[in-house]
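Examination of the molecular architecture
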Amino acid sequence: MQETLLNVQNLSVSFDRNKILDNLNFSVQKGDILAVIGPNGAGKTVLFRALLGLIPYSGKVNWRNNIKIGYVPQRFIVERDMPLSVGEFLDYKKTGENQMINTLKMVGFHVHDEHHLFHHLLNQPLGVLSGGELQKVLIAFALLVDPKVLLFDEPTTGIDLGGEETIYNLLKKLKDKHGLTIIFISHDIHIVYQYASNVLCINKEKVCFGPPHEALSAEELKKLHGADVGIYEHSSHH
Amino acid sequence: MNLVFDQNLILSLITVGIVGAAAGYLGSIMVLRRLALAGDVLSHVALPGIGIALLYNLNPFLMAFIFLFASSWIIWLLETKTQLPTDALIGILFVASLATGVMIIPNLEKLGEALFGDVSEINIFDAILAVLLSSAVFIIGAKIYKGLVLGTISEDLAIANGVKLRKINLLFLVLVSVVVALGIKVVGTLLMGALIIVSATAAKNLSRNVSRYAFLSTTFGLIAAPSGLLLARGYELSPGPIIILVGVGIFLLSLFGRR
């Protein structure tokens, strides 16, 4: 039986009298991988902020009671000389070192001499990590409290997580192994077809919602991007 | 060198030591948040407050604090509620305060004290006030430190993890106002910004994690201020500038240890 984790009704967000999101309705079932797509400025990140209760909105955002939500924000730059170590960063969640190390393994830090290398990693300043490492640490940060839902703002494609691993393989693995429900923002339509069970296209208002092959007709994509440019071509430039 | 360790010197050493340490501690957050220059400007805002205190025989520390807090609160409001360019506004606030302060303060000697500090007349009450308020700064600072650091990396991440960012930002401004008001007695309004920045910048060169960074920044403030005062006393120089120069010396040394 399907279990609804999130139900959104008539969600609107305005900043300074500008409508950023207009009357969104959708729901998320347990085990879904929902992709949120739309052009730049469509309000994708704003939608996440509203879902997390970080900004004021009108309408209803109903999460299942007491659900734990993990949040991976858009990748940000940490300055190289920022004196904050990986261990100190993960310690915000106060889970203890064992949990930290287990979670780091879960997101794909594989090392041979486990004890030594993990301690090395925990003592590294956040700012000297590679893009892929930082992304994995951010996912670990979100996973530390054992969330049931993961909100992921733009998993970066083409980031090297080491080996053949891509960020999406990792997300899929987290879903399959740990029963996570995932909502992610993406620009890349290929990824949506490949990994998402549902897609929500927005451009201020809802343009489409449903399984990718049904929801993403040529008509819908045109409406979403407002031009005759094929989205296949468009996405290959990223 | 010619030093007499009388009661006045000991009280002065305690006062500048604890204020230097508190300035170093808060300065470490200021520098992380790229507020180093804002701190510098903020200290000048105290000048009209000190002027009014001198004119009407009020407590200079209290008036300086009131002016500091009021203006940092105004900046905080402007930052959170409007789209006005904060840096330009801070600049205007700075020159306005400096001009008003210089006009109000009755004579040149008093103006010199306000600009460059004066620890020659520190009494037991000043010392107790400095110790009590600095202790409060450390206790409250320790509670909000981690949240402020997380907010520096990513505001969204901090708020999503339950950090009350707006509230602790305001609290942080109160603490900064307290430390600046205390520090003005030690190094004066012109140099107070340096006392806040210099220890933290040196500590940043030598730290790979936050706990070491905060510890070193505090320690450098604790060392620089009293040793600067001793040097100044020994050679009959003005303490404010010497304290800052000792701090700058520590910063230069830290460059060799850069990670």
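Residues numbered from 1 in each chain as written. Chains lettered and ligands numbered in written order. Predicted model: local features only at pLDDT ≥ 70, side-chain atom pairs only at ≥ 80, totals over all residues.

A few points about the overall build of chain A
- For chain A, the helix and strand inventory stands at 10 helices and 9 strands.
- With 238 residues in all, chain A has 37% of them scored as buried.
- A separation threshold of at least 6 residues defines the contact pool for chain A, and within that pool the share at least 24 residues apart is 72%. (Helix = DSSP H or I, 4+ residues; strand = E, 2+ residues; numbered from the N terminus. Buried ≥ 20, exposed ≤ 12 C-beta atoms within 10 Å, placed from the backbone. Contact = placed C-beta atoms within 7 Å.)

Digging into the overall build of chain B
- Of the regular secondary structure elements, chain B holds 12 helices and 0 strands.
- Going residue by residue from the N terminus, the α and β elements of chain B occur as α-α-α-α-α-α-α-α-α-α-α-α.
- Taken against the 2.2 N^0.38 rule, which gives 18 Å for 259 residues, the C-alpha radius of gyration of chain B at 18 Å falls within 12% of a compact globule.
- For chain B, the spread of C-alpha atoms along the three principal axes comes to 55 × 45 × 30 Å.
- Classification of the 259 residues of chain B by burial places 51% in the buried group.
- Of the contacts formed within chain B by residues at least 6 apart in sequence, a portion of 76% connects residues at least 24 apart. (Rg over C-alpha atoms; globule rule 2.2 N^0.38 Å.)

Here we look at the UniProt feature "transmembrane region" (unreviewed entry) in chain B
Residue and element names in this part refer to chain B.
- Per the UniProt entry, the sites bearing "transmembrane region" (unreviewed entry) are residues 12–32, 53–76, 88–106, 127–148, 168–201, 213–232 and 238–256 in this numbering.
- Helix and strand shares over residues 12–32 are 100% and 0% respectively, and the end C-alpha atoms of the span are 30 Å apart.
- Within residues 168–201, the helical portion is 97% and the strand portion 0%, while the C-alpha atoms at the span's ends are 23 Å from each other. (UniProt positions renumbered as here; feature names shortened; annotations may be inferred.)

What to know about helix H1 (residues 44–51) of chain A
Residues and elements named next belong to chain A.
- Within H1, 6 of the 8 residues are buried, leaving the element largely enclosed by the surrounding structure.
- Taken residue by residue, H1 has Lys-44, Leu-47, Phe-48, Arg-49, Ala-50 and Leu-51 as its buried positions.
- Among the residues trailing H1, Gly-53 stands out with phi positive, at a value near 75°.

Observations concerning the interface of chain B and chain A
- If you look at the interface, chain B gives 16 residues, while chain A gives 15 residues.
- For the side of chain B that touches chain A, the secondary-structure elements that each account for two or more residues are helix H7 (124–153), helix H8 (155–160) and helix H11 (210–234) of chain B.

Thoughts on the environment of Val-210 of chain B
- Along the chain, Val-210 of chain B falls in helix H11.
- A sequence separation of 28 residues divides Val-210 of chain B from Leu-182 of chain B, and the C-alpha atoms of the two residues are 25 Å apart.

Thoughts on the pairing of strand E2 (residues 18–29) of chain A
- Bridge analysis of strand E1 (residues 4–15) of chain A against E2 of chain A gives 8 bridges, and the strand direction is antiparallel. Counterpart to Asn-7 of chain A in the pairing with E2 of chain A is Ser-27 of chain A. (Pairing = 2+ DSSP bridges.)

Structural notes on the sheet that holds E1 of chain A
All names here are of chain A.
- On the basis of which strands lie adjacent, the open sheet formed by 3 strands has the order E2-E1-E4 and antiparallel pairing. Each of the sheet's edge strands pairs with one partner strand only, and the pair in question is E2 and strand E4 (58–63). Pairs of neighbouring strands in the sheet enclose a mean axial angle of 15°, with direction left out of account.
- The pairing of E1 with E4 spans 5 bridges and is antiparallel. Bridging across to E4, Asn-7 finds its partner in Asn-62.
- Sheet contacts for H1: E1, E2 and E4; angle to E2, the most-contacted strand, approximately 65°. (Axes fitted to C-alpha atoms, helices over the stretch in contact; angles between N-to-C directions.)

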